[in-house]
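Residue-level listing of the chains:
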Amino acid sequence: MKRAGVAFFVAVPVVATACAYFFVPADSAGPTAKPSVSAAQAARDEAKDRAERERAEDDKVIAGLPAGLAAPEKKELAQRIVASAQQSTLNWRALYGSIEDLEDGRGYTAGIAGFCTGTHDLLALVERYTESHPDNGLARYLPALREVDGTDSHEGLDPGFTAAWKAEAKLPAFRRAQEEQRDRVSFDPAVRLAKLDGLGTLGQFVYYDALVFHGPDSGPEGFYGLRERALRVADTPSEGGSEKAYLDAFLDVRRTAMAAERPGADTSRVDTAQRRFLNEGNLRLETPLEWAVYGDTYKVP
């Protein structure tokens, strides 16, 4: 079954509202008549109900499928592979306190999932954490985080933010908050959509790594935008296509996007890791695994 990503659900109320406006009788209002509040609300309610029904149907499909990447040992493996690409280590738990500017236009990159001050996800993490822990050491930086969101600026963050992040990352509560944000924004949506697309464990990881790196955006360089471009090239298994052919198309699209965003950028997390697993036919992401990122070789027995 084809899923068009987040944009599909956004379009529904717009179309429904337009239809409600079109059928307002001409003699009941002037040429500038607008849809009544009740008509607009009815359209929104209908769109919401439709989305909830589709989600319930999807839940039934997923409930009948193998755990895949969501199985504890596979989820652990996924974090290790991502960490090798993000921070050149297999020890992802050592990254809670990591923070640096990678000079990639995203400001500070921090934590276990590469949360960035310039791409909203770090701000969302700190805001959510502050709701339950209002006296945390990062809360005082929220005004500055909101100001630099969408930029690579450090204004209002230097010189104390990096030290505050490292200190907070020593606390179990903030570590849990990082894991929950990672799962909510990247891991769970990636696994869910990959399963609906008919992809196995490797395909679920391919989606997850792309969501971590590109973010949950529907624009041309965001994860959902990349998926839409891949769908123009190959059908997903749920549409009757070949799993390998579709994943090849997705990785091609992703590699092109990475190179376009930063000419000369290292794309080995695709070329000598995920593409290697795919070429080996390891669609279930079974161990032992061997791959290379940035010239370093990693092995999981």
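First, a word on what this report is: a plain description of the structure on this page. In this numbering scheme, every chain counts its residues from 1 along its sequence in written order. Reporting of local features is limited, given that this is a predicted model, to residues whose pLDDT is at least 70; pairs of side-chain atoms are given and counted only at 80 or more, and all residues count toward the totals for whole chains, interfaces and linings. Note: side-chain values were computed over all heavy atoms of the structure, leaving out hydrogens and water.

**Structural notes on the overall build of the protein**
- Labels follow the DSSP assignment, with helices taken as runs of H or I lasting at least four residues and strands as runs of E lasting at least two, numbered in each case from the N terminus. Secondary structure assignment for the protein yields eleven helices and five strands.
- Whether a residue is buried, partly exposed or exposed follows from its accessible area with a 1.4 Å probe, protein chains only, as a fraction of its type maximum: under 20%, in between, or over 50%, in that order. Looking at the protein residue by residue over its 301 residues, the buried ones come to 43%.
- Of all intrachain contacts in the protein linking residues separated by at least 6 positions in sequence, the fraction that spans at least 24 positions is 59%.
- Summed over all atoms, the accessible surface of the protein reaches about 14,900 Å², with 54% contributed by carbon and sulfur. A contact between two residues is defined here by any heavy atoms of the two lying within 4.5 Å. Note on areas: Shrake-Rupley, 1.4 Å probe, and residue coverage restricted to the protein chains presented here.

**Quick notes on the nonpolar core**
- As used in this record, nonpolar core signifies buried Ala, Val, Leu, Ile, Met, Phe, Trp, Tyr and Cys residues forming a set joined through side-chain atoms within 4.5 Å. One finds Y207, Y208, Y246, F250, L285 and W291 to be the most contacted residues of the largest nonpolar core, which totals 44 residues.
- Of all the secondary structure elements, the ones that give two or more residues to this core are helix 3 (72-87), helix 7 (172-196), helix 8 (201-214), helix 9 (223-231), helix 10 (243-261), helix 11 (268-279), strand 4 (289-293) and strand 5 (296-300).
- If you look at the next biggest cluster of nonpolar residues, it comprises 29 residues, including W92, L123, L142 and A177.

**Description of the pairing of strand 4**
- Counting buried residues along strand 4, four of its five residues qualify, which places the element largely inside the surrounding structure.
- Pairing between strands is defined by DSSP: at least two bridges between them are needed. Two elements, strand 4 and strand 5, share five bridges in a ladder whose sense is antiparallel. Bridged to W291 within strand 5 is Y298.
- Here strand 4 folds back onto strand 5 in antiparallel fashion, the turn holding two residues, of which Y294 has a positive phi close to 55 degrees.

**Quick look at the pattern of salt bridges**
- Salt bridge, as used here, is a side-chain nitrogen of Lys or Arg placed within 4 Å of a carboxyl oxygen of Asp or Glu. This model, assessed by the stated rule, comprises 20 salt bridges.
- The shortest N-O distance in the salt bridge between E127 and R146 comes to 3.1 Å. Of the two residues, E127 sits in helix 4 (residues 121-132) while R146 sits in helix 5 (residues 142-148), which places them 19 residues apart along the sequence.
- Residue class for R146 comes out partly exposed when judged on its relative accessible area of 44%.
- The closest approach of N and O atoms between E290 and R276, which form a salt bridge, is 3.8 Å. Taken together, the positions of E290 in strand 4 and R276 in helix 11 put the pair 14 residues apart, joining distant regions of the chain.
- Residue R276 is classed as partly exposed on the basis of its relative accessible area, which comes to 30%.
- Taken together, the shared-partner salt bridges connect K244, D248, D252 and R275 into one network.

**Observations concerning helix 8**
- Over its 14 residues, helix 8 extends 20 Å from the first C-alpha to the last, a length consistent with the 20 Å expected when each residue adds 1.5 Å.
- Across the 14 residues of helix 8, 13 count as buried, placing the element largely inside the fold.
- Looking one or two residues beyond helix 8, the residue adopting positive phi is G215, at roughly 85 degrees. Expected helix span is given by 1.5 Å per residue-to-residue step, counting one fewer step than there are residues.

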